[in-house]
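Listed below, chain by chain, are the residues.
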Amino acid sequence: MANKITVGHVHMSGCTGCLVSLADNYEGLFKILDDYADLVYALTLVDVRHVPEMDVALVEGSVCIQDETAVEEIRETRKKAKVVVALGGCASYGNITRFCRGGQWNQPQHESYLPIGDLIDVDVVLPGCPPGAQAIRNTCVMAYLLLRGTDEQKALAAAYLTPLMNLAKRGTEACGCDLMIDVINQGLCMGCGTCAASCPVRAISMAYGKPAIDRDMCIKCGACYAQCPRSFFNFDVINEFESITELIGAAMGQGGE
Amino acid sequence: MVLGNYKKAVAARSTDSGILSASQDGGIVTQLFAFALDEGIIDGAIVAGPGAEPWLPEPVVATTRAELLAARGTRYTISPNMALIKEATRSYGLDKVGIVGTPCQIQGLRKAQLYPLGMRDVPDKIALAIGIFCMENFPYQGLETMVEDHCNVKMESAVKMDIGKGKFSVYTERGALAQIPLKLTHKYEQPGCHVCLDYVSNLADVSTGSVGSPDGWSTVFVRTKVGDGVWAKALAAGCFETKPIEEVKPGLDLVTKLATEKITKNQKTVEARASFGLKADGSAKALRNPYL
């Protein structure tokens, strides 16, 4: 297909787990690369050495501000990409790199890691450690529809991406504490348990119908708050879960009923 | 639209007396999961099983009929069933997961399917989501107060609790019935329920509850293609007795009335939150709106 969008994977200080999560779509990744997106930059997968122009940059990892190359590359990414997506907890919120205090080999002077949103404007965040393969897949399909779809598809894609754009505006700090501060303290928690399921390090247990957060275990990936049905709930999109699931399935070449 | 999209609505009850012996109403959830389990439509279902204290539910992944039977009946307190949704696909190794939940839990489920940020490999494994009707829920300690202080029944002596016809009822093992006006229970409701805009689990594959149907029967909404498929097979297999909802009393009018009351009241709560506080310039300071 000639009308593909261009996508790059920009690797800051992260573990490559988010890229692996993208690859965990298996044949779905091939479908995305065949029909919807050209991968124009990805240090792990593509032999391109400098950040090129692209429609969508998927940025994995936080930025070490003592690492000149990293700072230069994230600035370059903002200049070259139409849409910047913070892919995963590190890029979105710092995640585990928040706990760095320097002194590690072989760059002991590298001690300050910032979510990319502290250095550049971010359009969309995908929290989680890593964000689920299907969340990345859905975002890729929606990004394609937003840039290349019919008017109706553009409207759907915009509606789908809006809460992830709003999360980007919400800030660059995340923690299990968000469940206390922005859900329970706000009188919104109804004890569904979704947060506990979403936590990648099992730091959340449910006690008498409310989340109990082991704050020492929390790695600050932002999955729990983003996944909570009371952080955002866009009826215009989620009420259409059946048709959207079918649409994504069709886009991925899965047979319908 | 207060009842959501649905393909059909009927009054139904299980044809299995073994299920009905301890079901809340028509045994719909237990029967449908038991059938789906037998047919391989699901590998297991997340249900509210028995917990560590009387009437405290604990979410369990039921993979046998016995485990489903142990989870029968309503407990009016929180069973965070969504907490097991990823674990069901991991430790339990289920490829086809069933889940029963309140409207809010089914909302969490559908959000998890469309935005699976912390839900790797979960979205494609949801095989059957059954939603229940829900006006509000109570924290365990609230339920305990209602039962022990208001109804004067020990939690461990109660064999059934029910809400209907404006009353909260507790039946004891020795045949006594204690009732209090539902009005007395309102102060014990979970605050998070007061912003909920869904009464009949609009986003489930199949939703069910007692309201609208005669005693011992349940009202059932079949909503999605998945729900329609499973329901048709279960009917063909003789799992359920059904009656057209138009022919039973009180029927859908009552469901519509209660749904409208809940949504209207809670919409007002959501709106009131927008001007809950006060800024220095006299303008409104808002609590957070989850629907924006």
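What counts, and where the lines are drawn
Residue numbers run consecutively from 1 along every chain, following the written order of its sequence. Each chain is given a letter, starting from A, and each ligand a number, starting from 1, according to the order in which they appear as written. Note on the predicted model: pLDDT of at least 70 is required for a residue's local features to be given, and 80 or more for side-chain atom pairs to be given and counted; whole-chain, interface and lining totals, by contrast, use all residues. Excluded from the side-chain calculations are hydrogens and water; all other atoms, namely the structure's heavy atoms, are used. Domain start and stop points were drawn from an automatic or database domain assignment. Buried area is understood as the total, over both parts, of accessible area removed when two parts are fitted together, assessed with a 1.4 Å probe. In the sections that follow, a salt bridge refers to a side-chain nitrogen of Lys or Arg positioned within 4 Å of a carboxyl oxygen of Asp or Glu. Pairs of N or O atoms within 3.5 Å make up the polar contacts considered here, provided that, within protein, one atom can donate a hydrogen while the other can accept it, and that residues adjacent in sequence are counted only when both atoms are side-chain atoms. Polarity classes work like this: nonpolar for Ala, Val, Leu, Ile, Met, Phe, Trp, Tyr, Cys and Pro, charged for Asp, Glu, Lys and Arg, and polar for all others, with Gly in that last group. Whether two aromatic rings pair depends on their centres lying within 6.5 Å, for rings of Phe, Tyr and Trp, where Trp uses its six-membered ring; planes under 30 degrees apart make the pair stacked, over 60 edge-to-face, and the rest tilted. Think of it in three bands: residues with accessible area under 20% of the maximum for their type are buried, residues over 50% are exposed, and the middle band is partly exposed, with areas taken using a 1.4 Å probe on protein chains only. A positively charged side chain is recorded as over a ring if its NZ (Lys) or CZ (Arg) lies within 6 Å of the ring centre. The angle to the ring normal must also be within 35 degrees. For this analysis, a nonpolar core means a set of buried residues of the types Ala, Val, Leu, Ile, Met, Phe, Trp, Tyr and Cys, connected via side-chain atoms within 4.5 Å. When checking whether two residues touch, look at their non-hydrogen atoms; a contact exists if any pair is within 4.5 Å. Here, axes are lines fitted to C-alpha atoms. For helices the fit covers the stretch in contact, and angles between N-to-C directions go from 0 to 180 degrees. By the criteria applied, helices consist of DSSP H or I runs no shorter than four residues and strands consist of E runs no shorter than two, each listed in order from the N terminus. If an angle is under 35 degrees, it is roughly parallel; if it is over 145, roughly antiparallel; if it lies from 65 to 115, roughly perpendicular; otherwise it is oblique. Strand pairing is assigned whenever DSSP detects at least two bridges linking the two strands.

A word on the domain arrangement of chain B. One frequent convention defines the size of an interface as the accessible area lost when the parts assemble. All names here are of chain B. Domains assigned within chain B are domain 1 (8–134 + 192–285) and domain 2 (138–188). Centre-to-centre separation of domain 1 and domain 2, based on C-alpha positions: 22 Å. The contact between domain 1 and domain 2 buries some 1200 Å² in all, and 53% of this surface belongs to carbon and sulfur atoms. When the shortest N-O distance is used, the salt bridge between Asp-215 and Lys-165 registers 3.4 Å. Counting across the domain 1 and domain 2 interface gives 10 residue pairs in polar contact (both at pLDDT 80 or more). Among the residues making up the side of domain 1 that touches domain 2, the classes are represented as five nonpolar, three polar and two charged.

The subject of this paragraph is the packing of aromatic side chains. Under the counting rule described, the total for this entry stands at 11 aromatic pairs over all chains. Taking 5.0 Å as the distance between ring centres and 70 degrees as the angle between the ring planes, the aromatic pair formed by Phe-233 of chain A and Phe-235 of chain A counts as edge-to-face. In this structure Phe-233 of chain A comes out as buried when scored by relative accessible area, which is 1%. Through successive ring pairs, a cluster of aromatic residues spans Tyr-6, Phe-133, Tyr-199 and Phe-221 of chain B. Over the face of the ring belonging to Phe-232 of chain A we find Lys-111 of chain B, whose NZ or CZ atom lies 3.4 Å from the ring centre.

Our focus in this paragraph is the nonpolar core. Considering soluble globular proteins, one finds that nonpolar side chains tend to be buried as a cluster. Formed by 91 residues in total, the largest nonpolar core has its most connected members in Ile-116 of chain A together with Ile-85 of chain B. With near-sequence residues (within four places) excluded, Ile-85 of chain B lies in contact with Ala-197 of chain A together with Ile-46, Val-97, Ile-99, Leu-109, Met-119, Val-122 and Ile-126 of chain B. Grouped together as the second largest cluster of nonpolar side chains are 29 residues, Val-29, Leu-128, Ile-130 and Val-220 of chain B included.

Residue and element names in this part refer to chain A. In the contact formed by helix α5 (residues 133–148) and helix α11 (residues 241–251), the axes pass within 11 Å of each other and the chain directions differ by 85 degrees. Taken together, α5 and α11 sit at an angle that is classed as roughly perpendicular. Contact with α5, carried on its side by Arg-137, Asn-138, Val-141, Met-142 and Leu-145, involves Ile-244, Leu-247, Ile-248 and Ala-251 of α11 and no other residues of that element. The class makeup of the residues in the contact of α5 with α11 is seven nonpolar, one polar and one charged.

So, on to the sheet that holds strand β5 (residues 81–87) of chain A. Across a sheet, paired strands are connected by hydrogen bonds in the backbone, their directions being either parallel or antiparallel. Residues and elements named next belong to chain A. Spatial ordering of the open sheet is given by β2-β1-β3-β5-β7, a layout of five strands whose pairing is parallel. In this open sheet, the two strands that pair with only one neighbour each are β2 (37–42) and β7 (124–126). Each strand of the sheet is rotated relative to its neighbour by a mean of 25 degrees, with strand direction disregarded. Sheet analysis places strand β3 (residues 54–60) next to β5, joined by six bridges and oriented parallel.

Here we come to the pairing of strand β1 (residues 5–11) of chain A. Residues and elements named next belong to chain A. Counting buried positions over the seven residues of β1 gives six, a clear majority of the element. Where β1 and β2 come together, five bridges link them in parallel fashion. Within β2, the position partnered with His-9 by the bridge is Ala-42. In this structure, β1 lies alongside β3, joined through five bridges in parallel fashion. Bridge pairing in β3 links His-9 to Leu-58.

Counting residues at the interface gives 45 residues for chain B and 57 residues for chain A. Note on chain B versus chain A: buried area summed over both sides is about 4400 Å², and carbon and sulfur give 55% of it. A per-residue breakdown of the area chain B buries against chain A is headed by Leu-114, Tyr-115 and Leu-117 of chain B, which together make up 20% of the total. Along the contact surface separating chain B from chain A lie four salt bridges. Among the salt bridges present, the one from Arg-202 of chain A reaches Glu-87 of chain B, with a minimum N-O distance of 3.1 Å. Listed by contribution, the elements that provide at least two residues to the side of chain B that touches chain A are α4 (85–89), α5 (103–114), α6 (140–150) and α7 (225–236) of chain B. Of the residues forming the side of chain B that touches chain A, the biggest block, nine residues, is contributed by α5 of chain B. When grouped by side-chain class, the residues that make up the side of chain B that touches chain A number 24 nonpolar, 10 polar and 11 charged.

Attention shifts here to the pattern of salt bridges. Two side chains bearing opposite charge may form a pair once their charged atoms approach each other closely. Counting across every chain of the model gives 21 salt bridges over all chains. Where Asp-123 of chain A meets Arg-78 of chain A, a salt bridge forms, and the shortest distance between an N and an O atom there is 3.1 Å. Of the two residues, Asp-123 of chain A is situated in the loop between β6 (113–114) and β7 and Arg-78 of chain A in helix α3 (residues 68–80); the sequence distance between them amounts to 45 residues. The class of Asp-123 of chain A is partly exposed, set by a relative accessible area of 26%. We note a salt bridge from Glu-246 of chain A to Lys-225 of chain B, for which the minimum N-O separation is 2.8 Å. Taken as a pair, Glu-246 of chain A in helix α11 and Lys-225 of chain B in helix α7 lie in two separate chains rather than in one. Look at the salt bridges and you will find they share partners, linking Asp-24 of chain A together with Arg-120 and Asp-121 of chain B into a network.

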